[in-house]
Amino acid sequence: PSFKVDESRNLWYDFGSGQGGSIIDLVMVYHNLPFSTAMTHLEKHLGLVSSFTGKPVQNTGLKVKSVNQLRSRSLITYLTHERKIALSIALKYLNEIHYSANTREYFAIGFKNDKGGYELRHPTFKGSTSPKYYTTISGDKDRLNIFEGFVDYLSALTHLKTSRLKYQTIILNSVANISKLPDLSRFQIINLFLDNDLAGQKGTEEIQQMNPNIRNYALELYPDNKDYN
């Protein structure tokens with residue numbers, strides 16, 4: 001479900017792993033092959049003839065043009081009516097990002113991570129800019145909250161009628177970022193708000209290996225729903 005193919009641009013993107021690119025990149029990642037071997041594989045199994053003489057064409061991705069205050073009516077309507085996020089809370093964490101991709105310009109909701117990249121959301125689009133990383137929100141450091149995505153985090157704030165949680169919070173922005181997390185052993189309890197799907201279950205198991213003292217709110221608060229939102 002996290003895998004998207006853009007047939008007009010001949011590109012793919014996996015939101016679960018944060019990876020994407022061309023058909024060559026896909027073969028390299030899926031079969032764990034170097035470029036030359038991937039090309040041989042394509043030629044042999046798909047009957048393709050290589051026109052490449054050097055490195056594979058890289059997916060340059062999305063380029064941020066400007067970071068603005070959230071003002072677009074369509075984006076605000078998406079947040080407040082479709083996602084039911086309180087606007088006063090959303091404005092504290094989100095921006096309106098204008099970016100380019102494949103020579104065209106777009107705009108979307110932007111949520112910044114700790115490395116300066118952005119998670120991008122639009123009523124018809126879900127993506128991110130490089131680098132892909134998690135986001136840390138400051139708070140008391142004896143406990144830790146972990147959310148899978150920023151919409152889940154903002155949903156929790158809206159639900160609890162607060163603009164910030166008491167304890168330090170990490171928004172993963174992708175379960176693939178669990179491997180990038182700092183040492184979690186120092187926290188007394190880790191409160192988990194991941195999705196109720198296979199990826200969320202696997203993520204819960206990975207975090208529990210880092211610190212067994214977890215409380216899985218996905219099973220307590222929204223056991224019959226996919227996520228907090």
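The rules we used
- Starting afresh in each chain, residues are numbered from 1 along the sequence in its written order.
- It should be noted that, the model being predicted, local features are given only for residues of pLDDT at least 70 and side-chain atom pairs only at 80 or more, the latter also being counted only at that level, while totals for whole chains, interfaces and linings use all residues.
- Each side-chain value is derived from all of the structure's non-hydrogen atoms; neither hydrogens nor water enter the calculation.
- Only when DSSP finds a minimum of two bridges between them are two strands counted as paired.
- Helix numbers and strand numbers start at the N terminus; a helix is a DSSP run of H or I with at least 4 residues, a strand a run of E with at least 2.
- Salt bridge, as applied in this entry: a Lys or Arg side-chain nitrogen positioned within 4 Å of an Asp or Glu carboxyl oxygen.
- Here the term buried applies to any residue with accessible area under 20% of the maximum for its type, exposed to any over 50%, and partly exposed to those in between, with areas from a 1.4 Å probe on protein chains only.
- A 3.5 Å cut-off defines polar contacts: any pair of N or O atoms within that distance qualifies, except that in protein one atom must be a possible hydrogen donor and the other a possible acceptor, and neighbouring residues in sequence count only when both atoms are side-chain atoms.
- Axis definition: a line fitted to C-alpha atoms, over the contacting stretch in the case of helices. Angles run 0 to 180 degrees between N-to-C directions.
- Contacts: residue pairs with any heavy atoms within 4.5 Å of one another.

> Please explain the pairing of strand E8 (residues 125-128) as it appears in this structure.
One ladder, built from 4 bridges, connects strand E7 (residues 118-122) with E8; its direction is antiparallel. Residue pairing for E8: histidine 122 is matched across the bridge by phenylalanine 125. With antiparallel pairing between neighbouring strands as the criterion, E7 and E8 make up a hairpin whose turn holds 2 residues.

> Explain the pattern of salt bridges here, please?
Pairing is possible between side chains that carry opposite charge, provided their charged atoms lie close to one another. Tallied over the entire structure, the rule returns 5 salt bridges. Its salt-bridge partner being glutamate 119, residue lysine 132 comes within 2.9 Å of it at the nearest N-O pair. Of this pair, lysine 132 sits in the loop between E8 and strand E9 (135-137) while glutamate 119 sits in strand E7, and the two are 13 residues apart along the sequence. Summarising the burial analysis for this pair, lysine 132 and glutamate 119 share the class buried. Across the pair aspartate 195 and lysine 226 runs a salt bridge whose closest N-O atoms are separated by 2.9 Å. Residue aspartate 195 is found in the loop between strand E12 (189-193) and helix H6 (198-210), and its partner lysine 226 is found in the segment after helix H7 (217-221); the two are separated by 31 residues along the sequence. Here aspartate 195 falls in the buried class, since its relative accessible area comes to 8%. Each of Glu119, Arg121 and Lys132 takes part in one network of salt bridges that share partners.

> Sorry, what's going on with the side chain of threonine 169 here?
Residue placement: threonine 169 occurs in strand E11 (residues 167-171). Judged by its relative accessible area of 1%, threonine 169 falls in the buried class. A polar contact of 3.2 Å, which involves the side chain of threonine 169, links it to the side chain of asparagine 145. At 3.2 Å, the side chain of threonine 169 and the backbone oxygen of tyrosine 167 are in polar contact.

> Can you walk me through the sheet that holds strand E4 (residues 63-68) in this structure?
Hydrogen bonds between backbone groups are what pair the strands of a sheet, and the pairing can be parallel or antiparallel. In space, the 5 strands of this open sheet follow the order E4-E5-E6-E7-E8, with antiparallel pairing throughout. Looking at strand neighbours, the two that pair on one side only are E4 and E8, the edges of this open sheet. Each strand of the sheet is rotated relative to its neighbour by a mean of 35°, with strand direction disregarded. Seen against the sheet, helix H3 (residues 73-82) touches strand E5 (95-101), strand E6 (104-112) and E7 and runs at an angle of roughly 40° to E6.

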